[in-house]
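# Inside the fold
The primary structure of each chain is shown beneath.
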Amino acid sequence: MLRPEAPATLAECRQAIDRVDAALATLLERRAALAGRVQRLKPVGGFAGRDLARERALVARMAERAPALGEARLAPVMNAVIEAGLHLAEEDMTG
């Protein structure tokens, strides 16, 4: 997964993308589960308990690992990931 690939055809490129997407799905579900646990442990959970400074620091750390994307591109992605986890946590707590 983390080894560089050099697909030579459109089909090979799409297969490589599909493998990355499958890994992303697994990682995103794991992240959402951990975030749900955090929501139950925090004094103020959910959207009201968001720590924007921590989120900005997270994006900055990620940008160090993915400099081609940078903070400006990673920030909206991580916002969507965080919000999806918060919505899931809310559903889990009410459902």
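Described in the following lines is the structure provided in the data block. (Residues numbered from 1 in each chain as written. Predicted model: local features only at pLDDT ≥ 70, side-chain atom pairs only at ≥ 80, totals over all residues. Heavy atoms only, no water.)

## Re the layout of surface pockets
For clarity, the cut-off: Here a cavity is any set of points on a 1 Å grid over the protein atoms alone where a 1.4 Å probe fits but cannot get out, and a pocket is any open set with protein on both sides within 12 Å along at least 5 of 7 lines; a residue lines the site when it has an atom within 4 Å of a point. Grid points are joined across faces, edges and corners, and a volume is the space filled by probe spheres set on the points. Numbering goes from the N terminus for both helices and strands, where a helix is a DSSP run of H or I of at least four residues and a strand is a run of E of at least two. As a working rule, the residues Ala, Val, Leu, Ile, Met, Phe, Trp, Tyr, Cys and Pro are called nonpolar, Asp, Glu, Lys and Arg charged, and the rest polar, with Gly in that last group.
Put simply, the largest pocket is a space of about 810 Å³. What lines the largest pocket is a set of 19 residues, and nearest its centre among them are Leu-24, Leu-27, Met-62, Arg-65 and Met-78. Taken together, the elements giving at least two residues each to the lining of the largest pocket come down to α1 (10–41), α2 (52–65) and α3 (70–94). Here the lining of the largest pocket gets six residues from one element, more than from any other, and that element is α1. Along the lines of polarity and charge, the residues of the lining of the largest pocket split into 15 nonpolar, no polar and four charged. Approximately 420 Å³ is the volume attributed to the second largest pocket. Broken down by secondary-structure element, the contributors of at least two residues to the lining of the second largest pocket are α1, α2 and α3. The element best represented in the lining of the second largest pocket is α1, accounting for seven residues. A breakdown of the residues in the lining of the second largest pocket according to their chemical character gives nine nonpolar, four polar and seven charged.

## Focus on the nonpolar core
Definition in use: Buried Ala, Val, Leu, Ile, Met, Phe, Trp, Tyr and Cys residues form a nonpolar core when they are joined through side-chain atoms within 4.5 Å. In this scheme, a residue with accessible area under 20% of its type's maximum is buried, one over 50% is exposed, and one in between is partly exposed, where area comes from a 1.4 Å probe on protein chains only. What makes two residues a contact is simply this: any of their non-hydrogen atoms within 4.5 Å.
Formed by Leu-58, Val-59, Ala-63, Leu-74, Met-78, Val-81, Ile-82 and Leu-86, the largest nonpolar core amounts to eight residues. Breaking this core down by element, the ones donating at least two residues are α2 and α3. Examining the composition of this core, we find that five residues originate from one element, α3, more than from any other. The residues touching Leu-74, leaving out its near neighbours within four places in the chain, are Val-59, Met-62, Ala-63, Ala-66 and Leu-69.

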